[in-house]
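Examination of the molecular architecture
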Amino acid sequence: MTKTTNTKKQISRSKESLSEEIASFKKEKILAEAANLFFDFGYARTSVQVIAEGLGVTKPFVYYHFENKLALLSEICQRGTKEALSIAERALSSKGTPSERLFHFVEEFTASSLINYKYVTIFFRESIHLSEADADAIKVMRKEIDRKLTELLVEGINTGEFDIEDPILTGHAITGMASFPFSWYGLARRPNKESICRGIAMNALKMVQKASAKSAAVAYEEPARIGKEMAASRAK
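Read on for a plain summary of the structure. What you see is a predicted model; the values in this text were computed from it and never measured. (Residues numbered from 1 in each chain as written. Predicted model: local features only at pLDDT ≥ 70, side-chain atom pairs only at ≥ 80, totals over all residues. Heavy atoms only, no water.)

**Some details on the overall build of the protein chain**
For the protein chain, the helix and strand inventory stands at twelve helices and zero strands. In the protein chain, which comprises 236 residues, the share counted as buried stands at 36%. Of the contacts formed within the protein chain by residues at least 6 apart in sequence, a portion of 72% connects residues at least 24 apart. Accessible surface, the protein chain: about 13,600 Å² in total, of which carbon and sulfur atoms supply 55%. (Helix = DSSP H or I, 4+ residues; strand = E, 2+ residues; numbered from the N terminus. Buried < 20%, exposed > 50% of the residue type's maximum accessible area, 1.4 Å probe, protein only. Contact = heavy atoms within 4.5 Å. Areas by Shrake-Rupley, 256 points an atom, 1.4 Å probe, with all protein chains shown as cover.)

Here's what the structure looks like:
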């Protein structure tokens, strides 16, 4: 009797898990279609009907998973920020010197911006449509990213690796530099994403390290080699 009960429970859990996976898959398909349309035509010019037609489904299908069009925009805008916050948390809690952790933070942050360029573009272009509550939620996450990066920069100052006067302002400059490659990548011939991410991370280190610091060049890539790689890519 016990075995039968346990088997039924296992089957029930398996069904629930499968149901959740299917629901998640459907939500991701809706979200991806909405992102493509918001990116191509803008939020205001894209209706739920158009999103449904693009997926070959009905409007009720979309509304079953998302309350309205604004809920789609909110999810798109929050995703990139959540990932950036996760990157900042990993950088702050990981092992290594402040220089090593800053390098990896900027490299991953830039990579996220390029991989999720549609979501990032939509955020910067369409966030004015967000509700006050959703906008505030994103602001809280962005402030937390700034706080964690500032902590890392202050740590680098205290260990003698970094030479900066204003860690808060420097942090804003670094996240700005790492956030915006999506806006120009693809407009002209560029090197691959990996080269861009490494190059921007190297530039971030040069912004903060003392002139005598050699750890970045030793631990990662020589800036000159990266520059040659970028030049060679443009020439193709």
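This is not the end of the story, as more comes after the structure.
**Side note on the packing of aromatic side chains**
Given two aromatic rings, one states the distance between the centres and the angle between the planes to describe the pair. For the structure shown, the criterion picks out seven aromatic pairs. Among the aromatic residues, ring-to-ring pairing joins F123, F124, F180 and F182 into one connected group. It is K27 that lies over the ring of F66; its NZ or CZ is 5.3 Å from the centre. It is K69 that lies over the ring of Y43; its NZ or CZ is 4.1 Å from the centre. (Phe/Tyr/Trp six-rings, centres within 6.5 Å; stacked < 30°, edge-to-face > 60°. Lys NZ or Arg CZ within 6 Å of the ring centre and 35° of its normal.)

**Here's the deal with the packing of helix α5 (residues 98-115) against helix α10 (residues 193-208)**
For the pair α5 and α10, interaxial distance at closest approach is 8 Å and the crossing angle is 140 degrees. Comparing their axes, α10 and α5 come out oblique. Seen from above, α5 lies across α10 with right-handed handedness. Within the contact between the two elements, α5 uses S99, L102, F103, V106, E107, T110, A111 and L114 and α10 uses K193, I196, C197, R198, I200, A201, M202, A204, L205 and V208. Across the contact of α5 with α10, the residue classes break down as 13 nonpolar, two polar and three charged. (Axes fitted to C-alpha atoms, helices over the stretch in contact; angles between N-to-C directions. Parallel < 35°, antiparallel > 145°, perpendicular 65-115°, else oblique. Left-handed = near helix turned anticlockwise from the far one by under 90°. Nonpolar A, V, L, I, M, F, W, Y, C, P; charged D, E, K, R; others polar.)

**Points about the packing of helix α8 (residues 167-179) against α10**
Closest axis-to-axis distance for the α8/α10 pair is 10 Å, and the angle between their directions is 165 degrees. With respect to each other, α8 and α10 are oriented roughly antiparallel. With respect to the hand of their crossing, α8 and α10 are arranged in right-handed fashion. Of the residues in α10, those touching α8 at T170, A173, I174, M177 and A178 are I200, N203, A204, M207 and V208. Considering only residue class, the contact of α8 with α10 consists of eight nonpolar, two polar and no charged.

**Describing the pattern of salt bridges**
Oppositely charged side chains can form a pair if their charged atoms are brought close together. Inspection of the entire model under this criterion finds eight salt bridges. One salt bridge connects R90 with E108, and the closest N-O pair in it is separated by 2.4 Å. Of this pair, R90 sits in helix α4 (residues 69-93) while E108 is found in helix α5, placing the two residues 18 residues apart along the sequence. By relative accessible area, which is 41% here, R90 ends up partly exposed. Through salt bridges with shared partners, a single network forms among E144, R147, K148 and E151. (Salt bridge = Lys/Arg side-chain N within 4 Å of Asp/Glu carboxyl O.)

**Focus on the side chain of T150**
By the secondary structure assignment, T150 is in helix α7 (residues 132-159). Leaving out residues up to four positions away in the same chain, T150 has contacts with P167 and I168.

**Some words on the nonpolar core**
Judged by nonpolar contacts, the single largest core of 49 residues is most densely connected at F38, L72, L102, F105 and V106. At nine residues, the largest contribution of residues to this core is made by α4. When residues no more than four places from it in sequence are discounted, the contact partners of L102 are L149, L152, L153, F162, I174, A204, L205 and V208. (Core = buried A, V, L, I, M, F, W, Y, C linked by side-chain atoms within 4.5 Å.)

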